[in-house]
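# Structure at a glance
Each chain is listed here by its residues.
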Amino acid sequence: MKKVLSIVLTALLSLSMVFGLAACGGPTEEQSEKLDELMTQFESIMADCETEYDKLAAVMEGQEGMDEVTQTMENVRKTAEDMRKSYDESKDSYDEEKADAVIALLETQIKNGENFLNAMKAANTDPEG
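So, here is what we can say about the structure in this document.

## What to know about the environment of Ser 32
With respect to the secondary-structure elements, Ser 32 resides in helix 2 (residues 29-60). Through-space distance from the C-alpha of Ser 32 to that of Ile 103 is 9.5 Å; in sequence the pair is 71 residues apart.

Next comes the structure, spelled out in structure tokens:
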């Protein structure tokens, strides 16, 4: 159980990023499409994580360590919301170089999100860990 929660917490903590990259100019059309696609993919993974978290919370309600998972999940929710807001506010101001950097960051966040989702699925498969 503690092992599962530890894996989930580690995966959750890797999902902390905010878009602060802004510059003059704008991304290419191809970059804009890629950014939108990646943001949508990230949000889809986060929705799947929410579903898995809800399952885990129902099974492990009141158990040791679940409060920490819940608090961390709330932080991840806030981070994902902040990412979307910051992205929407800044996406047209990225120059091509910054757009490439944001694409790379989003790809990393998607991998982190997938790791978190897999950890949540594993926790739901074997909550006793």
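Here the narrative resumes, following the displayed structure.
## Focus: the packing of helix 2 against helix 4 (residues 96-125)
Contact pair helix 2 / helix 4: the axes reach a minimum separation of 9 Å and the direction vectors enclose 20°. As summarised for this structure, helix 2 and helix 4 are arranged roughly parallel, according to the angle between their axes. When the axes of helix 2 and helix 4 are compared, the crossing they make is left-handed. Residue composition of the contact of helix 2 with helix 4, grouped by class: 18 nonpolar, 5 polar and 9 charged.

## Structural notes on the environment of Leu 117
With respect to the element layout, Leu 117 can be found in helix 4. A relative accessible area of 9% places Leu 117 in the buried class. When the C-alpha positions of Leu 117 and Ala 47 are compared, they lie 9.7 Å apart, and in sequence the two are 70 residues distant.

## Focus: the side chain of Glu 52
Residue placement: Glu 52 occurs in helix 2. Within the structure, Glu 52 has its side chain in polar contact with the side chain of Asn 124 (distance 2.7 Å). Those residues in contact with Glu 52 that lie beyond four places of it in its chain are Leu 117, Met 120, Lys 121 and Asn 124.

## Here we look at the pattern of salt bridges
Throughout the structure, instances matching the rule amount to 7 salt bridges. A salt bridge links Lys 55 to Glu 52; its shortest N-O distance comes to 3.2 Å. Here Lys 55 and its partner Glu 52 are both found in helix 2, 3 residues apart, which amounts to about one turn of the helix. Connected through shared salt-bridge partners, Glu 43, Arg 84 and Asp 88 make up one network.

## Observations regarding helix 3 (residues 66-90)
Every α-helix carries 3.6 residues per turn, so stepping three or four residues along brings you back to the same face. Compared with an ideal rise of 1.5 Å per residue, which puts 25 residues at 36 Å, helix 3 spans 36 Å between its outermost C-alpha atoms and is within 8% of the ideal. Residues of helix 3 that are buried: Met 66, Val 69, Thr 72, Met 73, Val 76, Thr 79, Ala 80, Met 83, Ser 86, Tyr 87 and Ser 90.

Quick notes on the rules
Residues numbered from 1 in each chain as written. Predicted model: local features only at pLDDT ≥ 70, side-chain atom pairs only at ≥ 80, totals over all residues. Heavy atoms only, no water. Helix = DSSP H or I, 4+ residues; strand = E, 2+ residues; numbered from the N terminus. Axes fitted to C-alpha atoms, helices over the stretch in contact; angles between N-to-C directions. Parallel < 35°, antiparallel > 145°, perpendicular 65-115°, else oblique. Left-handed = near helix turned anticlockwise from the far one by under 90°. Nonpolar A, V, L, I, M, F, W, Y, C, P; charged D, E, K, R; others polar. Buried < 20%, exposed > 50% of the residue type's maximum accessible area, 1.4 Å probe, protein only. Polar contact = N/O pair within 3.5 Å; in protein donor to acceptor, adjacent residues only side chain to side chain. Contact = heavy atoms within 4.5 Å. Salt bridge = Lys/Arg side-chain N within 4 Å of Asp/Glu carboxyl O. Expected span 1.5 Å × (residues − 1).

Structural measurements only, silent on function.
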